[in-house]
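Geometric and topological summary
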Amino acid sequence: MSLKRKDLLSIASLSAEEISLILETSDPFKEVSGREIKKVPALRGKTVVNLFFEPSTRTRTSFELAAKRLSADVINFSPSSSSVVKGETLIDTARNIESMQADIIVLRHSSSGAAEALAKHVHSSVINAGDGWHEHPTQALLDLFTIKEKKGRLAGLTVAIVGDVAHSRVARSDIHGLLKMGAEVRLVGPPTMIPPFIERMGVKVFSNFDKALPGVDVVIMLRLQLERQGRSLFPSIREYANLYGLTSERVQRTETDLLVMHPGPINRGVEISHEVADSAQAAILAQVSNGVAVRMGLMYLLSQLQ
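So, a few notes on the structure that sits alongside this text. All of these numbers come straight from a predicted model, not from anything done at the bench.

Procedures and definitions
Residues numbered from 1 in each chain as written. Predicted model: local features only at pLDDT ≥ 70, side-chain atom pairs only at ≥ 80, totals over all residues. Heavy atoms only, no water. Buried < 20%, exposed > 50% of the residue type's maximum accessible area, 1.4 Å probe, protein only. Helix = DSSP H or I, 4+ residues; strand = E, 2+ residues; numbered from the N terminus. Pairing = 2+ DSSP bridges. Lys, Arg positive; Asp, Glu negative; His and termini not counted. Salt bridge = Lys/Arg side-chain N within 4 Å of Asp/Glu carboxyl O. Polar contact = N/O pair within 3.5 Å; in protein donor to acceptor, adjacent residues only side chain to side chain. Contact = heavy atoms within 4.5 Å. 1 Å grid on protein atoms, 1.4 Å probe; cavity = no way out; pocket = protein on both sides within 12 Å on 5 of 7 lines; lining within 4 Å. Points joined across faces, edges and corners; volume = space filled by probe spheres on them. Nonpolar A, V, L, I, M, F, W, Y, C, P; charged D, E, K, R; others polar. Axes fitted to C-alpha atoms, helices over the stretch in contact; angles between N-to-C directions. Parallel < 35°, antiparallel > 145°, perpendicular 65-115°, else oblique. Left-handed = near helix turned anticlockwise from the far one by under 90°.

This part takes up the pairing of strand β8 (residues 218–221). A regular strand carries its side chains on alternate faces of the sheet. Of the two faces of β8, both are covered, the one formed by Val218 and Ile220 as well as the one formed by Val219 and Met221. In terms of strand pairing, strand β5 (residues 158–162) meets β8 through four bridges, oriented parallel. By the bridge assignment for β8, Val159 is matched with Val218.

This is the structure:
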């Protein structure tokens with residue numbers, strides 16, 4: 001089975017079979033990162049362009065490592081030092097990049113739908129590395145990969161996503177992916193951070209973290225975007241930490257072998273206590289290493305159609 005699509009724009013557009021294919025294809029690539037020579041020739045002769053209109057260290061570096069380990073040529077494009085500052089549009093910028101024989105364009109943009117718009121205008125494969133508040137599909141794929149690696153399955157698990165769901169593209173992609181793969185999803189957060197009518201997606205919503213915890217197998221803690229504090233989404237950081245921070249006491253309330261995840265970077269003592277972040281149950285560093293493998297698998301699959 002092949003992916004049979006030029007681009008990866010969202011998790012919502014993928015079938016469960018396509019998600020499984022990406023995860024299965026990514027698994028052998030994890031072994032590459034453990035070798036003395038961390039390279040395979042799968043994308044030799046291909047060019048990958050990282051086109052990031054938003055600052056990012058973790059995601060951009062992960063894509064860069066993934067492409068280089070596949071032996072691709074990598075160009076990191078910085079809009080702040082390009083014709084974009086002179087008024088060039090996203091589409092024109094991408095077309096110019098494509099004319100340089102780029103095979104894959106990895107796009108991060110502050111506008112929702114930017115990746116989809118770009119994909120319609122270029123022949124290169126486009127990977128959405130985060131667009132506005134819409135989606136962050138490769139983060140969801142690496143989360144699914146990590147859960148399956150640690151728990152052995154996805155179907156039948158109960159996963160709690162905690163924090164500012166309303167403004168989180170990671171949460172949106174995770175919800176789509178987890179539901180497609182047969183997991184139960186619980187959303188936890190203050191009402192100001194939960195989108196209205198989101199229960200229609202098939203999730204359960206809790207404003208009380210402690211009531212949501214019993215029976216949870218996996219908890220994904222979202223980064224509290226402290227820059228939003230000025231918008232009064234919650235009274236104070238201290239109160240948020242008290243109500244929605246993951247502590248050792250809360251971990252014990254699940255009465256399961258809880259797997260703790262976070263897309264990073266962590267605000268220690270706010271979303272997660274120091275003890276939990278550094279515990280054996282935390283898979284935060286595993287998510288980072290798995291991110292490289294998943295992006296390798298994805299780029300390999302997309303390259304098969306070129």
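Of note, Asp217 is situated in the loop between α7 (209–212) and β8. Lys151 provides the closest opposite charge to the buried, salt-bridge-free Asp217, at an N-O distance of 5.1 Å. Reaching out from Asp217, the side chain makes a polar contact with the backbone nitrogen of Thr158 at a distance of 2.8 Å. Setting aside its immediate chain neighbours within four residues, Asp217 contacts Lys151, Gly156, Leu157, Thr158, Thr256, Asp257, Leu258 and Leu259.

Mapped onto the secondary structure, Thr192 falls in the loop between β6 (184–188) and β7 (204–206). Taking relative accessible area as the criterion, Thr192 reaches 41% and is therefore assigned partly exposed. Taking the C-alpha atoms as reference points, Thr192 and Met221, separated by 29 residues in sequence, lie 17 Å from one another.

In this approach the atoms are scanned with a rolling probe the size of a water molecule, which exposes any empty space left behind. The computed volume of the largest pocket comes to approximately 820 Å³. Forming the walls of the largest pocket are 33 residues, and the residues nearest its centre are Arg108, Arg169, Arg223, Gly264 and Pro265. Looking at the lining of the largest pocket, the elements that each hand over two or more residues are α2 (58–69), α5 (137–151), α6 (169–180) and α11 (284–303). Here the lining of the largest pocket is composed, by residue class, of ten nonpolar, 15 polar and eight charged.

Let's shift gears to the sheet that holds strand β1 (residues 47–52). Strand order in the open sheet formed by four strands is β2-β1-β3-β4, and the pairing between neighbours is parallel. Here the strands that pair on one side only, and so sit at the sheet edges, are β2 (73–77) and β4 (125–131). Between one strand axis and the next, the sheet turns through 15° on average, direction left out of account. As paired elements, β1 and strand β3 (residues 104–109) share five bridges and run parallel to each other. Of the residues in β3, the one forming a bridge with Phe52 is Arg108. Running over the sheet, α2 touches β1, β2, β3 and β4 and is turned about 175° from β1.

On to the sheet that holds β8, then. Taken in spatial order, the five strands of this open sheet run β7-β6-β5-β8-β9, and their pairing is parallel. Taken across any chain shown, the strands that pair with only one partner, and hence form the sheet edges, are β7 and β9 (259–261). Across the sheet, the axes of successive neighbouring strands diverge by a mean angle of 20°, strand direction being ignored.

Right, let's talk about the packing of α2 against α11 for a bit. Where α2 meets α11, the axes come as close as 8 Å, and the angle between the chain directions of the two elements is 55°. By the criterion of interaxial angle, the relationship of α2 to α11 is oblique. Note on packing geometry: the crossing formed by α2 with α11 is right-handed. Mapping the contact onto sequence places Arg58, Thr59, Ser62, Phe63, Leu65, Ala66, Ala67 and Arg69 in α2 and Val288, Gly291, Val292, Arg295, Met296 and Met299 in α11. Of the residues in the contact of α2 with α11, the class split is eight nonpolar, three polar and three charged.

Quick look at the pattern of salt bridges now. Taken as a whole and assessed by the stated rule, the structure comprises twelve salt bridges. The closest approach of N and O atoms between Lys6 and Asp7, which form a salt bridge, is 2.8 Å. Owing to a relative accessible area of 31%, Lys6 belongs among the partly exposed residues under this scheme. Lys30 is the salt-bridge partner of Glu149, the closest N and O atoms lying 2.5 Å from each other. Taken together, the residues Glu149 in helix α5 and Lys30 in helix α1 (residues 16–32) connect sequence positions 119 residues apart. Residue classification places Glu149 among the partly exposed residues on the basis of a relative accessible area of 35%. The exposure class assigned to Lys30 is partly exposed, which follows from its relative accessible area of 28%.

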